[in-house]
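Each chain is listed here by its residues.
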Amino acid sequence: MELHIAKNTQELSENLAAWISNYIQEVLQDQPIFTWALSGGSTPKALYTLLTKEPYKLMIPWNRIHFFWGDERAVPFEDERNNARMAYETLLDVVGVPSENINVMRTDIEPEAAAAEYEAILKKYFEEGDTTFDLVLLGMGDDGHTLSLFPGLPIVHEKKAWVKAFFLKAQDMFRITLTAPVVNEAACVVFMATGSGKALTLKSVIEGDFDAEKYPSQLIRPQEGELHWFVDEAAAGALEM
Ligand code: 6PG
């Protein structure tokens, strides 16, 4: 695991934009497309916006990037809580990613059907390769959740399915989410975490005993792939390392 500490969200986003751009160019020297699962939530917005500006807008071959999501709130696309909507607005529509390269978790059909359909798409993309996504970008909640893997929920123990839908009582909505197994087969996983509100949780996740029930972010341990944490000084405030 590699830890990257920046002064604040802006510096973190600048560092991560450069890092991702280099990584993409490296991967695309050996293969035709790059598969990237985007994170929802608010932390990645500054990063997505930066990627639409010089030099990244021209440096990254957007027509060779295929996009996915780590999870989705099963609300209409027009709903501001929809993760796909946020990514379209801040990145995908701005840089003009071809629509055939974008794989949203559908919220216009039953969540279970959307999860099954999404899993079939992923199996088609990844059935041949040794790894799944080239990059999975993740956030972490103050409670240690990532994707829609929330503490204490059965989804945390999913060992087989790649995509699941379930009703999240605490938010009175269905969620569609990638599971730990498919993320742990990725070539590279990058977490972003900022703010002092995440400092104690981050310390438990990174430096504490393994307790995935309490801290589902600990489930993410890529078998062959790389694991990176991009955090700001506020979120890193309780770390010993
Ligand atoms: C979601 C996200 C979720 C998010 C964390 C952190 O749909 O909510 O996928 O896992 O990454 O909750 O969210 P913030 O970046 O807003 O703190």
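Residues numbered from 1 in each chain as written. Predicted model: local features only at pLDDT ≥ 70, side-chain atom pairs only at ≥ 80, totals over all residues. Heavy atoms only, no water.

A. Layout of the overall build of the chain. A tally of regular secondary structure across the chain gives 7 helices and 9 strands. Against the globule reference of 18 Å for 241 residues, the chain gives a C-alpha radius of gyration of 17 Å, in line with a compact fold. Principal-axis analysis of the C-alpha atoms places the extent of the chain at approximately 40 × 40 × 35 Å. Taking all 241 residues of the chain together, 54% fall into the buried category. Summarising the internal contacts of the chain: among those between residues at least 6 apart in sequence, 75% fall at separations of at least 24. (Helix = DSSP H or I, 4+ residues; strand = E, 2+ residues; numbered from the N terminus. Rg over C-alpha atoms; globule rule 2.2 N^0.38 Å. Buried < 20%, exposed > 50% of the residue type's maximum accessible area, 1.4 Å probe, protein only. Contact = heavy atoms within 4.5 Å.)

B. Representation of the sheet that holds strand E7 (residues 173-178) in the model. One open sheet accounts for 3 strands, arranged E4-E7-E6; its pairing is antiparallel. For this open sheet the edge positions go to strand E4 (71-73) and strand E6 (163-168), each flanked by a neighbour on one side alone. Across this sheet, the average inter-strand angle for adjacent strands is 20°, counted without regard to direction. Inspection of the sheet shows E6 paired to E7 by 6 bridges, in the antiparallel sense. When the sheet's bridge partners are listed, Lys164 is paired in E7 with Thr177. (Pairing = 2+ DSSP bridges. Axes fitted to C-alpha atoms, helices over the stretch in contact; angles between N-to-C directions.)

C. Focus on the sheet that holds strand E8 (residues 188-193). One open sheet accounts for 6 strands, arranged E1-E9-E8-E5-E2-E3; its pairing is parallel. The two strands at the open ends of the sheet, each matched to only one other strand, are strand E1 (2-6) and strand E3 (65-69). Going from strand to strand, the sheet's axes swing by 20° on average, the running direction of each strand aside. Relative to E3, helix H4 (residues 83-95) is tilted by about 150°, and along the sheet it contacts strand E2 (34-38) and E3. In the packing of helix H5 (residues 111-126) onto the sheet, contacts are made with E2 and E3, and the angle to E3 comes to roughly 145°.

D. Examining the site of the ligand more closely. Not every one of the 16 residues close to the ligand is listed here, only the nearest: Ser42, Thr43, Asp71, Arg73 and Lys198. In the model, an oxygen atom of the ligand is placed 2.8 Å from a nitrogen or oxygen of the Leu147 main chain. In this structure, Arg175 approaches the ligand through a side-chain N or O atom, which is 3.3 Å from an oxygen atom. Coverage of the ligand by the protein chains reaches 86% of its 410 Å² of free accessible surface. Here the shell around the ligand is composed, by residue class, of 2 nonpolar, 10 polar and 4 charged. (Near = heavy atom within 4 Å. Polar contact = N/O pair within 3.5 Å; in protein donor to acceptor, adjacent residues only side chain to side chain. Areas by Shrake-Rupley, 256 points an atom, 1.4 Å probe, with all protein chains shown as cover. Nonpolar A, V, L, I, M, F, W, Y, C, P; charged D, E, K, R; others polar.)

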